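# Breakdown of the fold
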Amino acid sequence: MMDKDMGARIAGLLHHRNAGLEKGDPVALPLTTATSYHLPSVQGARHIYGRNGTPTWDAVEAQLALLEEAEVVSFPTGMAAIAAGLFATLKAGDTVILPSDGYYVTRVLSDGFLAPLGVTVVQIPTLSFATADFTGAAVVYIETPSNPGLDVIDIADVVARAHAAGAKVIVDNTTMTPLLQRPLDLGADLVVAADTKAPGGHSDALFGHVAGRDTALMARVRDWRRLSGAVPGAMEAWLIHRGLETLEVRLERMCRSADLIAKRLADHPAVRSVRYPGLPDDPSHALAKRQMAGFGFLIGITLADATQAEAFLERCPYMVRSTSFGGTHTSGERRARWGDAVPEGFIRLSIGVEPTETLWAAMDAALR
Ligand SMILES: *Cc1c(COP(=O)(O)O)cnc(C)c1O
């Protein structure tokens, strides 16, 4: 799953503080909670005030910049990163095209706050981005694989057609992380992501980031953070820095388990259907294989009905029943309870780092 360049990025991430260490310095990142910094004069100060920047943000942004090979601005949540991406690129009179089957808060934010400011918000299904006409759009916003449907769209193709129409492309890369999918390499203008999920990985810190290679656009994203005040907390930045150190190891187990478990679920008599981009007959497989460096840890399964689905989640001892995904614990949720356009018996599974066969035995028993 990992190429040579990615190996160097991950090793670089683990050792990124080495060069700056003096004899006797702590090896682990110190947690800096200071809001103000020693300023006998303003010129040349690395830090001024905590809303502008802190050493703890610098460290986590340095890690993410290595992974993204881009400039990174960190945010207190994934939604704060998404809001920054949208507000930095849109103005009155513009049109943004969003996935109707993407993360729902992005749609609610756009309808509730961008539309009243004069932005036209258009929603189309993820698969329709393959044929949509982007003429007149200022921003084309995609999320692939879609969540929870796991439909995959060709990023390079969307970018080529959006750029030809004069639109910028923003990709929500939360489900894949920069280890498994690299939208900026495929031409996207901005990546937005919730590091609350797999990068933090322990279900204990909200965090997000925007990544991009256009200096002027990233300066606008940075201004948005400073002026709107949507700044990460010190403790959260520190926790994400720690989480990122093990992201690759966790993803390896999670993706390997998900691949095996998806195949077994597909053959299971209690399961009506399975969506996982790694399954050879999944509609997303061919494109996912070309576009992604792994198939991820999210699996969509459909059981007979809501009762069976809830019973499965309740009976499996190694299943956290919660929303969200990407943590160390396997979790599952019946998405229809949120009103997602999915069957009543549809469950989104997020595979964790439990030993694979132990997890599978428990899932199999719970399904029977
Ligand atoms: C969770 C999530 C977000 C929002 O992240 P928060 O940290 O909860 O604000 C955005 N996009 C996707 C795809 C997500 O899964």
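Residues numbered from 1 in each chain as written. Predicted model: local features only at pLDDT ≥ 70, side-chain atom pairs only at ≥ 80, totals over all residues. Heavy atoms only, no water.

Glancing now at the domain arrangement of the protein chain. Under the domain assignment, the protein chain is made up of domain 1 (4–38 + 45–244) and domain 2 (247–367). One C-alpha centre belongs to domain 1, the other to domain 2, and the line joining them spans 26 Å. With 30 residues of domain 1 at the interface, the matching set in domain 2 holds 31 residues. Both faces combined, the contact of domain 1 with domain 2 buries some 2400 Å², and carbon together with sulfur accounts for 63% of it. (Domains from an automatic or database assignment. Contact = heavy atoms within 4.5 Å. Buried area = accessible area lost by both parts, 1.4 Å probe.)

With five of five residues buried, strand E6 (residues 190–194) is to be regarded as a mostly interior element. Burial along E6 is two-sided: Leu190, Val192 and Ala194 facing one way and Val191 and Ala193 facing the other are all buried. Of the pairings in the sheet, the one linking strand E5 (residues 168–172) to E6 comprises three bridges and is parallel in character. Residue Asp172 lies in a different strand from E6, and its bridge partner there is Val192. Where E6 and strand E7 (residues 208–212) come together, four bridges link them in antiparallel fashion. When the sheet's bridge partners are listed, Ala194 is paired in E7 with Gly208. (Buried < 20%, exposed > 50% of the residue type's maximum accessible area, 1.4 Å probe, protein only. Helix = DSSP H or I, 4+ residues; strand = E, 2+ residues; numbered from the N terminus. Pairing = 2+ DSSP bridges.)

For the rest of this paragraph, the subject is the nonpolar core. Ranked by internal contacts, the top residues of the largest apolar core, which has 34 residues, are Val60, Leu179, Leu244, Leu251 and Phe297. Put simply, the parts of the chain that give this core at least two residues each are helix H1 (4–14), helix H2 (55–68), helix H6 (177–180), helix H8 (234–245), helix H9 (247–266) and helix H10 (285–291). Counting contributing residues per domain, this core is built from domain 1 (4–38 + 45–244) and domain 2 (247–367), each supplying no fewer than three. Membership of the second largest hydrophobic core comes to 28 residues, among which are Phe75, Val119, Ala138 and Val210. (Core = buried A, V, L, I, M, F, W, Y, C linked by side-chain atoms within 4.5 Å.)

Attention now moves to the pattern of salt bridges. For the structure on display, the rule yields 22 salt bridges. A salt bridge links Asp185 to Arg213; its shortest N-O distance comes to 2.8 Å. Linking Asp185 in the loop between H6 and E6 with Arg213 in the loop between E7 and helix H7 (215–228), this pair joins segments that are 28 residues apart in sequence. Accessibility expressed as a relative area gives 44% for Asp185, which makes it partly exposed. Linking Arg337 and Glu333 is a salt bridge whose minimum nitrogen-to-oxygen distance equals 2.9 Å. Linked by salt bridges that have partners in common, Arg9, Glu69, Arg182, Asp185 and Arg213 make up one network. (Salt bridge = Lys/Arg side-chain N within 4 Å of Asp/Glu carboxyl O.)

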